[in-house]
Amino acid sequence: MTRTAASTQLARAWKQTLSAQPDTETILKRIVNACATNVAAFDEAGALLCVSETWRLFAEQNGLTADAYGLDHLQTCREAVNGRAVKQVGFRESIQRIVTGKQVEFQEEYILKALETPRWFMTRAALIEMPDNFRIMVTLEDVTRRRQAEEELRNIGGRLINAQEEERTRLARELHDDLSQRLALLSLEIEQMRPQIQPGQRGLNDSVDRLSKKTQELGSDIHRLSYQLHPFKLDHLGLSAAIESLCVELSAHRDLEIRFRKHGFPAVLPEEVTLCVFRIAQESLHNVVKHSGAGEAQVVVTRTTSAVRLQISDNGVGFDVELVKRKKRLGLISIKERLRLVGGKISIRSRPHQGTEIDVSIPLAPGQ
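Residues numbered from 1 in each chain as written. Predicted model: local features only at pLDDT ≥ 70, side-chain atom pairs only at ≥ 80, totals over all residues. Heavy atoms only, no water.

*Asks:* What am I meant to see in the sheet that holds strand 13 (residues 356-363) here?
*Replies:* Strand pairs in the sheet, formed through backbone hydrogen bonds, run parallel or antiparallel to each other. If you walk across this open sheet you meet the 5 strands as 9-10-11-13-12, and the pairing is mixed. Either end of the sheet is taken by a strand with one partner, and the two such strands are strand 9 (257-263) and strand 12 (345-350). Averaged over all neighbouring strand pairs, the angle between strand axes comes to 10 degrees, with direction disregarded. Of the strands in this sheet, strand 9, strand 10 (296-303), strand 11 (307-314) and strand 13 touch helix 9 (residues 271-292), which is tilted by about 5 degrees from strand 11. Across the sheet, helix 11 (residues 330-342) is in contact with strand 12 and strand 13; its angle to strand 12 comes to roughly 145 degrees. (Pairing = 2+ DSSP bridges. Helix = DSSP H or I, 4+ residues; strand = E, 2+ residues; numbered from the N terminus. Axes fitted to C-alpha atoms, helices over the stretch in contact; angles between N-to-C directions. Contact = heavy atoms within 4.5 Å.)

Below is the structure:
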């Protein structure tokens, strides 16, 4: 065999070897099909190329269309932001953002409502560079159990807060209606002893004075404790009056000047919103007194047509907000849980030695 013939034969064999190698599209499909999880691949135009056997089987078992395998039914779980409805962004729209180059990857939690029982998926998508063009790889992780567990925990948190408020109300009523009344009667009985004291019994008169004073102080302490447990002014006079009374009381008994302002009050608010805002004001001012070392503080409560807003600021020592969040302080957790129940949000701005600002906003439905 001549050298030329051998070269020709070698070239032909190499060409046959190359042609036997699968192309990138085939490799991609094999990779997707080999996955034991929900995986899909899209081309550079956003068209679905293939899905894994796992996702295909899931779609068939749940009666989803064969061409999209349920992907068109995925809708974002962010159905509302701060109590207001937002545009539902579908899965296809998110893929299109990668196709148009607006982003190279995304991670979003989606709900599949087309099923008899809705399922939640954590979706991750990323752009993959290929020799001829790019592809988009998508994974779908079923997080339904996790979502259900989180929802149950949130429900438990709400029930605990409601149970706590009921117990506080019961104790406050007992303190006010029972113990306070008994102390008032005791104070009257002590005062009735005065006419029986002889002119020369000065020591006994002084003792009666001390008992009367201590009884009155104890009555004031019980009244204050009863108010902290459940402010009955909140029920009868409304939110702004109750917060103003709280500011006056703290200013009178602490070395702290609290300025109170209100806008849009008096106003009728839902009971759960009223209690939530008051408890946050109570917790926040307690922290100002206990931790800030501030000499001055300001409280502003505002009622607009669409929201209730509470702003509390002080000139105290401040703190590292991120550090407090990482430590997961019980007071902050309680505030966030209360706000979650009414769809509210909180913003905390503080730096060491530069005071603290707390801004709380709770949306109101039309007509509330």
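*Asks:* In this structure, what is going on with the confidence of the model for the protein chain? I would like to understand it.
*Replies:* As a note on interpretation, predicted positions should not be read in detail where pLDDT is low. Overall, the prediction assigns the protein chain a mean pLDDT of 82, with 90% of residues at 70 or greater. Of the regions scoring below 50 in pLDDT, residues 79-86 engages in 14 contacts with residues more than four places distant in sequence or in other chains. (pLDDT = per-residue confidence, 0-100.)

*Asks:* Help me understand the sheet that holds strand 2 (residues 48-51), please; the structure alone is not making it clear to me.
*Replies:* The antiparallel open sheet is built from 6 strands, whose spatial order is 2-1-8-7-6-3. If you trace the sheet from one side to the other, it starts and ends with strand 2 and strand 3 (74-76), each paired once. Taking the axes of each pair of neighbouring strands and ignoring which way they run, one obtains an average angle of 30 degrees across the sheet. Two elements, strand 6 (residues 105-112) and strand 7 (residues 119-129), share 8 bridges in a ladder whose sense is antiparallel. Within strand 7, the position partnered with Glu-105 by the bridge is Ala-126. Its contacts with the sheet place helix 4 (residues 91-99) against strand 1 (38-42), strand 2, strand 3, strand 6, strand 7 and strand 8 (134-142), and it is angled at close to 170 degrees to strand 6.

*Asks:* Could you clarify how one ought to interpret the pairing of strand 11 in this entry?
*Replies:* For a regular strand, the rule is simple: side chains alternate between the two faces of the sheet. Two elements, strand 10 and strand 11, share 7 bridges in a ladder whose sense is antiparallel. Bridged to Ala-297 within strand 11 is Asp-314. Taken together, the 8 bridges between strand 11 and strand 13 define a ladder with antiparallel strand orientation. Looking at strand 13, one finds that Val-308 is bridged to Ile-362.

*Asks:* Honestly, helix 8 (residues 239-253) in this entry has me stumped. Any pointers?
*Replies:* Two residues of an α-helix separated by three or four positions point the same way, owing to the 3.6 residues in each turn. The end-to-end C-alpha separation of helix 8 is 21 Å, in line with the 21 Å expected for 15 residues at 1.5 Å each. Those residues of helix 8 that fall on the buried side of the exposure criterion are Leu-239, Ser-240, Ala-242, Ile-243, Ser-245, Leu-246, Cys-247, Glu-249 and Leu-250. If you follow the buried residues of helix 8, they end up packed against helix 6 (202-229), helix 7 (232-236), strand 9, helix 9, strand 10 and strand 11. (Expected span 1.5 Å × (residues − 1). Buried < 20%, exposed > 50% of the residue type's maximum accessible area, 1.4 Å probe, protein only.)

*Asks:* Looking at this model, I keep getting lost on the environment of Leu-339. Mind explaining?
*Replies:* As for its position among the elements, Leu-339 is in helix 11. Since its relative accessible area comes to 1%, Leu-339 is described here as buried. In this view, Leu-339 contacts Cys-276, Ile-280, Gly-344, Lys-345, Ile-346, Val-360 and Ile-362; residues no more than four positions away in its chain are not counted.

*Asks:* Looking at this model, I keep getting lost on the environment of Val-268. Mind explaining?
*Replies:* Its place among the elements puts Val-268 in the loop between strand 9 and helix 9. On the basis of relative accessible area, Val-268 is assigned to the exposed category, the value being 73%. For the pair Val-268 and Gly-238, spaced 30 residues apart in the sequence, the C-alpha separation amounts to 7.5 Å.

*Asks:* Just checking my understanding: could you explain a nonpolar patch on the surface for this structure?
*Replies:* Taken together, the side chains of Leu-153, Ile-156 and Leu-160 make up a nonpolar region of the molecular surface, amounting to roughly 300 Å² of accessible area. Judged by relative accessible area, which is 59%, Leu-153 ranks as exposed. (Patch = residues over 30% accessible without salt bridge, like charges linked within 9 Å, V, L, I, M, F, W, Y side chains within 5 Å. Areas by Shrake-Rupley, 256 points an atom, 1.4 Å probe, with all protein chains shown as cover. Salt bridge = Lys/Arg side-chain N within 4 Å of Asp/Glu carboxyl O.)

*Asks:* Mind showing me how you'd approach the packing of helix 8 against helix 9 here?
*Replies:* When two helices pack together, their arrangement is given by the angle between their axes and by how far apart the axes lie. Where helix 8 contacts helix 9, the two axes come as close as 10 Å, and the packing angle between them is 15 degrees. One way to sum up the angle between helix 8 and helix 9 is to call them roughly parallel. For the element pair helix 8 and helix 9, the recorded crossing hand is right-handed. Contacts from Leu-239, Ala-242, Ile-243, Leu-246, Cys-247 and Leu-250 of helix 8 reach helix 9 at Thr-274, Val-277, Phe-278, Ala-281, Gln-282, Leu-285 and Val-289. (Parallel < 35°, antiparallel > 145°, perpendicular 65-115°, else oblique. Left-handed = near helix turned anticlockwise from the far one by under 90°.)

*Asks:* Which parts of the structure should I look at to understand the pattern of salt bridges?
*Replies:* A side chain of one charge can pair with a side chain of the opposite charge if their charged atoms are brought near each other. Taken as a whole, this structure holds 15 salt bridges when the rule is applied. Of the charged contacts, one joins Arg-170 and Glu-167 as a salt bridge, the two residues approaching to 2.5 Å between their closest N and O atoms. Of this pair, Arg-170 and Glu-167 both sit in helix 5 (residues 144-191), separated by 3 residues, roughly a single helical turn. Here Arg-170 falls in the partly exposed class, since its relative accessible area comes to 34%. Residue classification places Glu-167 among the partly exposed residues on the basis of a relative accessible area of 37%. Residue Glu-337 pairs with Arg-340 through a salt bridge whose shortest N-O separation is 2.9 Å. Here Arg-340 and Glu-337 lie together in helix 11, a separation of 3 residues that amounts to about one turn.

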